[in-house]
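Each chain, letter by letter, is given below.
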Amino acid sequence: MRKASRLFEIIQILRLAKKPVTAAEIGAQLEVTVRSIYRDIAALQAMRVPIEGGRGIGYILRPGFTLPPLMLSIEETEAIVLALALLERTGDTELKQAARQVNRKIAAVVPPPLADIFSANALHAWGTPAPAPEAVDLAMVRRAIRDEQKLALDYRDEYARATERLIRPVALIYYSQTTNIVAWCELRQAIRNFRTDRVEHCEPIEEFFSGEGDKLRQIWVQGWTVSAEAAG
């Protein structure tokens, strides 16, 4: 997690807390060291965020500190609720956890009756959730897409033939039963889709394709047009 995102998350944790929160508790939620939290708290205090407390006793956010308000209509709020519910149907464990956090954060800052929509359970995304892939960490794949970092795969195709692939991941497609990694395959020298339930091993390597991601996504999207024209 980048420092800017972490500072924002610390503010959110303190805003929602009912009692002082220790650096150890914050660090556990954000998966960083206590020392990092001490530095982040000091940085926030230097920016005049009204955080009070200290080591061993915990931290609180003084009342009155607010973030910019969310100006949402009822329809926009319902769209967010349904979108967050749809994430529950993916096999991406980290995204599902993030969706629940977003739900709580928005509900904490929007006024009634908008806040009631988040707890009413009136909108549902039905269907069997996709299982989390056993050999692929989807959070790691999303980071590789953002960082334009290559991935090494042990993969079995639809005929169960085993291959080793070096790919440049550019997108993820979430289906109801599985998730596909869209990537430039260096073996095939073309865009390919890799079903995560057929991946036997996946790890990043210290090779990057910096600046190529958008171009590869354009090649992928152009492929849709070709396929549509052929089908017509």
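Treat the numbers as computed from the prediction; the structure is a model and nothing was measured.

Thresholds, definitions, all that
- Residues numbered from 1 in each chain as written.
- Predicted model: local features only at pLDDT ≥ 70, side-chain atom pairs only at ≥ 80, totals over all residues.
- Heavy atoms only, no water.
- Pairing = 2+ DSSP bridges.
- Helix = DSSP H or I, 4+ residues; strand = E, 2+ residues; numbered from the N terminus.
- Axes fitted to C-alpha atoms, helices over the stretch in contact; angles between N-to-C directions.
- Buried < 20%, exposed > 50% of the residue type's maximum accessible area, 1.4 Å probe, protein only.
- Contact = heavy atoms within 4.5 Å.
- Phe/Tyr/Trp six-rings, centres within 6.5 Å; stacked < 30°, edge-to-face > 60°.
- Polar contact = N/O pair within 3.5 Å; in protein donor to acceptor, adjacent residues only side chain to side chain.
- Core = buried A, V, L, I, M, F, W, Y, C linked by side-chain atoms within 4.5 Å.
- Parallel < 35°, antiparallel > 145°, perpendicular 65-115°, else oblique.

Peer 1: I'm lost on the sheet that holds strand β7 (residues 199-208) in this one. Help?
Peer 2: Through backbone hydrogen bonds, the strands of a sheet pair up, either in parallel or in antiparallel fashion. With respect to topology, five strands assemble into an open sheet ordered β6-β5-β4-β3-β7, the strand pairing being antiparallel. On the outer flanks of this sheet lie β6 (190-195) and β7, each paired with one strand and no other. Across the sheet, the axes of successive neighbouring strands diverge by a mean angle of 45°, strand direction being ignored. Where strand β5 (residues 179-185) meets β6, six bridges bridge the pair, whose relative direction is antiparallel. Each bridged residue has a counterpart across the sheet, and for Ile181 the counterpart in β6 is Phe194.

Peer 1: What is the right way to read the side chain of Arg168 from this model?
Peer 2: Relative to the elements of secondary structure, Arg168 occurs in strand β4 (residues 162-174). Here Arg168 falls in the buried class, since its relative accessible area comes to 18%. Not counting residues up to four positions away in its chain, the partners in contact with Arg168 are Lys150, Val182, Ala183, Trp184, Glu186, Phe209, Glu212 and Leu216.

Peer 1: Sorry if this is basic, but what is going on with the packing of aromatic side chains here?
Peer 2: Note on aromatic pairs: each is described by the distance of the centres and the angle between the planes. Using the criterion set out here, one finds one aromatic pair in the structure. Geometrically, the ring pair formed by Tyr155 and Phe194 is edge-to-face, given 5.1 Å between the ring centres and 85° between the ring planes. Remark: Phe194 occurs in strand β6 and Tyr155 occurs in strand β3 (residues 149-156); sequence separation between them is 39 residues. Of the residues examined, Phe194 reaches a relative accessible area of 2% and is grouped as buried.

Peer 1: How do you make sense of helix α7 (residues 138-147) when you look at a structure like this?
Peer 2: Each α-helix turn comprises 3.6 residues. Residues three or four places apart therefore point the same way. Taking burial as the measure, the 10 residues of α7 include seven buried ones, the bulk of the element. Looking at α7, one finds that the buried residues are Leu138, Ala139, Met140, Val141, Arg142, Ala144 and Ile145. Capping the start of α7 is the job of one residue whose side-chain oxygen sits 3.0 Å from the backbone nitrogen of Ala139: Asp137.

Peer 1: Help me understand unusual backbone geometry in this model?
Peer 2: Backbone phi values are negative for most residues with the exception of glycine, while trans is the configuration of most peptide bonds. One non-glycine residue, Arg48, adopts positive backbone phi at about 70°. Take Arg48: it is sitting in the loop between α3 (34-46) and β1 (51-54). Judged by relative accessible area, which is 77%, Arg48 ranks as exposed. Of note, Ala160 is a non-glycine position whose phi angle comes to about 70°, a positive value.

Peer 1: Would you take a moment to explain the pairing of β1 for this structure?
Peer 2: Here is the key point about a regular strand: its side chains alternate between the two faces of the sheet. Bridge count between β1 and strand β2 (residues 58-61): four bridges; the pairing is antiparallel. Paired with Gly53 across the strands is Tyr59, a residue of β2. Linkage of β1 to β2, two consecutive antiparallel strands, is achieved through a turn of three residues, within which Gly56 is found at a positive phi near 90°.

Peer 1: Would you mind showing me how to read the nonpolar core here?
Peer 2: What tends to happen in soluble globular proteins is that the nonpolar side chains get buried as a cluster. Among the nonpolar cores identified, the biggest contains 17 residues, and Val136, Val141, Leu151, Ile167, Ile181, Phe194 and Cys202 are the most heavily contacted of them. Mapped onto this core, the elements with two or more residues apiece are α7, β3, β4, β5 and β7. The dominant element in this core, judged by the number of residues it contributes, is α7, at five residues. Setting aside chain neighbours within four positions, we find Ile181 in contact with Val136, Val141, Ile167, Pro169, Ala171, Leu172, Arg192, Asn193, Phe194 and Thr196. With 16 residues, the next largest nonpolar core counts Ala23, Ile26, Leu44 and Tyr59 among its residues.

Peer 1: Would you mind going over the packing of helix α2 (residues 23-30) against α3 with me for this structure?
Peer 2: Packed helices, taken two at a time, are described by the angle between their axes plus the distance between the axes. As a packed pair, α2 and α3 sit with axes 8 Å apart at the nearest point and diverge in direction by 105°. Relative to α3, the element α2 is oriented roughly perpendicular. Where α2 abuts α3, its residues Ala23, Ala24, Ile26, Gly27 and Leu30 lie against Val34, Ile37 and Tyr38.

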